[in-house]
Each structure stands twice: as structure tokens, then as C-alpha cells.
Amino acid sequence: MEKEMVSIEKKQKKSLFYKLGTGLLITSLSLWLIPVITPFTPLPTQIKAGIITGSIIIAEIMFWIGALLVGKEVASKFKSYLNPKNWRRKVKGQKHGE
């Protein structure tokens with residue numbers, strides 16, 4: 001009976017860490033939009049440089065913390081989705097024209 005309670009608690013904790021890690025991965029991805037948008041704002045150049053640098057650093061930190069929480073396999077799969085080389089590759093078993 002105690003083993004069941006412990007395993008249930010571990011699953012709940014794991015799912016919480018997994019969800020938090022996934023959220024960090026997605027948030028870090030959205031932070032990469034800041035360096036793209038910032039040059040078009042009317043801010044001074046020094047402030048733009050600081051915002052761009054800070055957002056890139058924060059996005060990377062959030063990505064790696066999220067990767068630690070979700071695991072190596074999930075993080076590498078997520079990174080492969082973002083790699084432009086993999087965008088045109090066909091999935092195994094998928095026919096042309098589907």
C-alpha cells in the first residue's frame with residue numbers, strides 16, 4: 001500500500017516538473033521574438049542592444065532549465081523541430097502527396 005502511494009506521489013511530482021519544463025521551453029521560444037521585434041522600436045540603440053542581449057541570455061537559460069526538467073530526449077526532440085534542416089524531411093512511412 002505504501003509503495004502505491006509513493007509511486008503516485010512521484011508521478012504527480014514528475015508531471016509537475018514535466019509541465020514546468022515544457023512551459024519553460026515554450027516561453028524560451030517566444031522570448032526569441034524579442035530580438036526580432038526590438039530593432040523596429042523607437043528606443044535608443046544602447047537600450048535596444050541591452051534588450052536583445054538580455055532576452056537572448058534569458059531565453060537560453062530558460063531553455064536549459066526546461067531541458068533539465070523534461071529530460072534529454074524531449075529537449076533534443078524539441079530542438080530538432082526548430083532546426084530548419086529538418087523541416088522538409090519526410091516522416092518514415094509517409095507517402096508523397098499526403
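Here is a short report on the structure shown in this document.

What counts, and where the lines are drawn
- Residues numbered from 1 in each chain as written.
- Predicted model: local features only at pLDDT ≥ 70, side-chain atom pairs only at ≥ 80, totals over all residues.
- Heavy atoms only, no water.
- Helix = DSSP H or I, 4+ residues; strand = E, 2+ residues; numbered from the N terminus.
- Buried < 20%, exposed > 50% of the residue type's maximum accessible area, 1.4 Å probe, protein only.
- Polar contact = N/O pair within 3.5 Å; in protein donor to acceptor, adjacent residues only side chain to side chain.
- Contact = heavy atoms within 4.5 Å.
- Patch = residues over 30% accessible without salt bridge, like charges linked within 9 Å, V, L, I, M, F, W, Y side chains within 5 Å.
- Areas by Shrake-Rupley, 256 points an atom, 1.4 Å probe, with all protein chains shown as cover.
- Salt bridge = Lys/Arg side-chain N within 4 Å of Asp/Glu carboxyl O.
- Phe/Tyr/Trp six-rings, centres within 6.5 Å; stacked < 30°, edge-to-face > 60°.

This part takes up the side chain of Ser55. Its location among the elements puts Ser55 in helix 3 (residues 45-70). The class of Ser55 is buried, set by a relative accessible area of 6%. Reaching out from Ser55, the side chain makes a polar contact with the backbone oxygen of Ile52 at a distance of 3.0 Å. Those residues in contact with Ser55 that lie beyond four places of it in its chain are Leu31, Ile34 and Pro35.

Together, Ile34, Leu43, Ile47 and Ile51 line one region of the surface with nonpolar side chains, adding up to about 280 Å² of accessible area. Positionally, Ile51 belongs in helix 3. Note on Ile51: relative accessible area 33%, which makes it partly exposed.

With that settled, consider the packing of aromatic side chains. The tally for this structure, following the rule as stated, stands at one aromatic pair. Consider the rings of Phe63 and Trp64, whose centres lie 5.2 Å apart with planes at 85°: the pair is edge-to-face. According to the relative accessible area criterion, Trp64 is partly exposed, its value standing at 46%.

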